[in-house]
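What the coordinates show
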Amino acid sequence: MTADSGNGVTGDDVVVARPRRTAWMGIALGVALLAVFTVVAVLLRGSDSGAIFHLSDQIAMVFVGLLLGLACASFGTPKVRADSRGIDVRNVGTTRHFDWDQVLSVSFPDGASFARLELPDDEYYPLLAVQAVDRHRAVTAVRGLRRLHRNAWED
């Protein structure tokens, strides 16, 4: 079994994909939000806005910035790991496993932001780890997933 460093490159038996650009943007936005909320919290104490801000208000502002920053950074957590048995999909907040016999196809529709698994009864499941903005990494990941799917259906 060959695993990779999470960059969408396929091995002989395993495909692992993670978003790259979305992760960087989420982290950058998260840090920016935390910085802005921290600066606002520091400046609240000395403002002449007519409202009275206490230390607890400043701490709450930093905490809100931290929560929003973590929420933005969480968009970099999706991951897809597939092998000959099936595919594990971790999206933001959810994780699911699909055996290949449950999956009709792996598709990346024109104009879509991310790939998806086509399931029976006209359902689909998004693969947030395989995103169009990652370009060649997404193509490599989709080709690897399709190869694993095809091999599983041939057996």
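Details of the structure are given in the entry above.
The following paragraphs examine the structure supplied in this document. Being a predicted model, the structure only gives us computed values, none of them experimental.

1. Looking at the overall build of the protein chain
Check the secondary structure of the protein chain and you find three helices and seven strands. Mapped in sequence order, the helices and strands of the protein chain form the string β-α-α-β-β-β-β-β-β-α. If you take every contact in the protein chain between residues at least 6 apart in sequence, the share linking residues at least 24 apart comes to 52%. Carbon and sulfur atoms make up 60% of the accessible area of the protein chain, which amounts to about 9,400 Å² in all.

2. Some remarks on the pattern of salt bridges
Scanning all chains against the criterion turns up three salt bridges. Ionic pairing is found between R81 and D83, a salt bridge with its closest N-O pair at 3.4 Å. Using a relative accessible area of 28% as the deciding quantity, one classes R81 as partly exposed. Taking relative accessible area as the criterion, D83 reaches 4% and is therefore assigned buried. A salt bridge links E118 to R116; the nearest nitrogen and oxygen atoms lie 2.8 Å apart. By relative accessible area, which is 23% here, R116 ends up partly exposed. Each of R81, D83 and R85 takes part in salt bridges that share partners, so that together they form one network.

3. Focus: the sheet that holds strand β5 (residues 105-107)
Pairing is antiparallel across the open sheet formed by three strands, whose spatial order is β5-β6-β7. Two strands bound the open sheet, and with one partner strand each, they are β5 and β7 (123-131). Between one strand axis and the next, the sheet turns by 25° as a mean value, whatever way the strands run. Sheet topology places β5 next to strand β6 (residues 114-119); three bridges connect them, and they run antiparallel. Across the sheet, the residue bridging to S105 is E118, located in β6.

4. Let's talk about empty space enclosed by the protein
Enumeration according to the criterion identifies one cavity of 30 Å³ or more in this entry. Its boundaries defined by the atoms lining it, the largest cavity holds a volume of some 50 Å³. Listed by contribution, the elements that provide at least two residues to the lining of the largest cavity are β7 and α3 (136-154). Here the residues of the lining of the largest cavity sort into five nonpolar, two polar and three charged.

5. Remarks on the packing of aromatic side chains
Applying the stated criterion to the full structure yields one aromatic pair. Geometry around Y125 places R96 over its ring, the cationic atom sitting 5.1 Å from the centre. The ring of Y124 has R116 lying over it, and the distance from NZ or CZ to the ring centre is 4.2 Å.

6. Considering a nonpolar patch on the surface
Taken together, the side chains of L34, V62, F63, L66, L67 and L70 define a hydrophobic patch exposed on the protein surface, amounting to about 500 Å² of accessible area. Top element by residues in the nonpolar patch is helix α2 (residues 55-73). It accounts for five residues. Structurally, L67 is set in helix α2. L67 sits in the partly exposed class, given a relative accessible area of 46%.

What counts, and at which threshold
- Every chain is numbered independently, its residues counted from 1 as its sequence is written.
- Since the coordinates come from a predicted model, pLDDT governs what is reported: local features require at least 70, and pairs of side-chain atoms require 80 or more to be given and counted, while whole-chain, interface and lining totals use all residues.
- Only heavy atoms go into the side-chain values, all of them from the structure, while hydrogens and water stay out.
- Per the convention used, a helix needs a DSSP run of H or I reaching at least four residues, while a strand needs a run of E reaching at least two, with both numbered from the N terminus.
- Only heavy atoms matter for contacts: two residues are in contact if any of them lie within 4.5 Å across the pair.
- Exposure was quantified through the Shrake-Rupley algorithm and a 1.4 Å probe, taking into account, for residues, occlusion by the shown protein chains and nothing else.
- Salt-bridge detection follows one rule: a side-chain nitrogen of Lys or Arg within 4 Å of a carboxyl oxygen of Asp or Glu.
- Exposure classes here rest on a 1.4 Å probe applied to the protein chains alone. A residue is buried below 20% of its type maximum, exposed above 50%, and partly exposed in between.
- In short, DSSP must find at least two bridges between two strands for them to pair.
- The axes used here are C-alpha line fits, helices contributing only the stretch in contact, and every angle between their N-to-C directions lies in the interval 0 to 180 degrees.
- Two kinds of site are reported from a 1 Å grid over the protein atoms alone, namely cavities, where a 1.4 Å probe fits but cannot get out, and pockets, open sets with protein on both sides within 12 Å along at least five of seven lines, and residues are called lining when an atom falls within 4 Å of a point.
- Grid points are joined across faces, edges and corners, and a volume is the space filled by probe spheres set on the points.
- Nonpolar residues are Ala, Val, Leu, Ile, Met, Phe, Trp, Tyr, Cys and Pro. Charged residues are Asp, Glu, Lys and Arg, and all others, Gly as well, are polar.
- Between 30 and 60 degrees the pair is tilted, below 30 it is stacked and above 60 it is edge-to-face, where a pair is any two Phe, Tyr or Trp rings, Trp via its six-membered ring, whose centres lie within 6.5 Å.
- The rule for a charge over a ring is simple: NZ of Lys or CZ of Arg within 6 Å of the ring centre, and within 35 degrees of the ring normal.
- Excluding any residue in a salt bridge, patches collect residues exceeding 30% relative accessible area, merging like charges within 9 Å and nonpolar Val, Leu, Ile, Met, Phe, Trp and Tyr side chains within 5 Å.

Everything listed is a geometric property; what it means functionally is a separate question.
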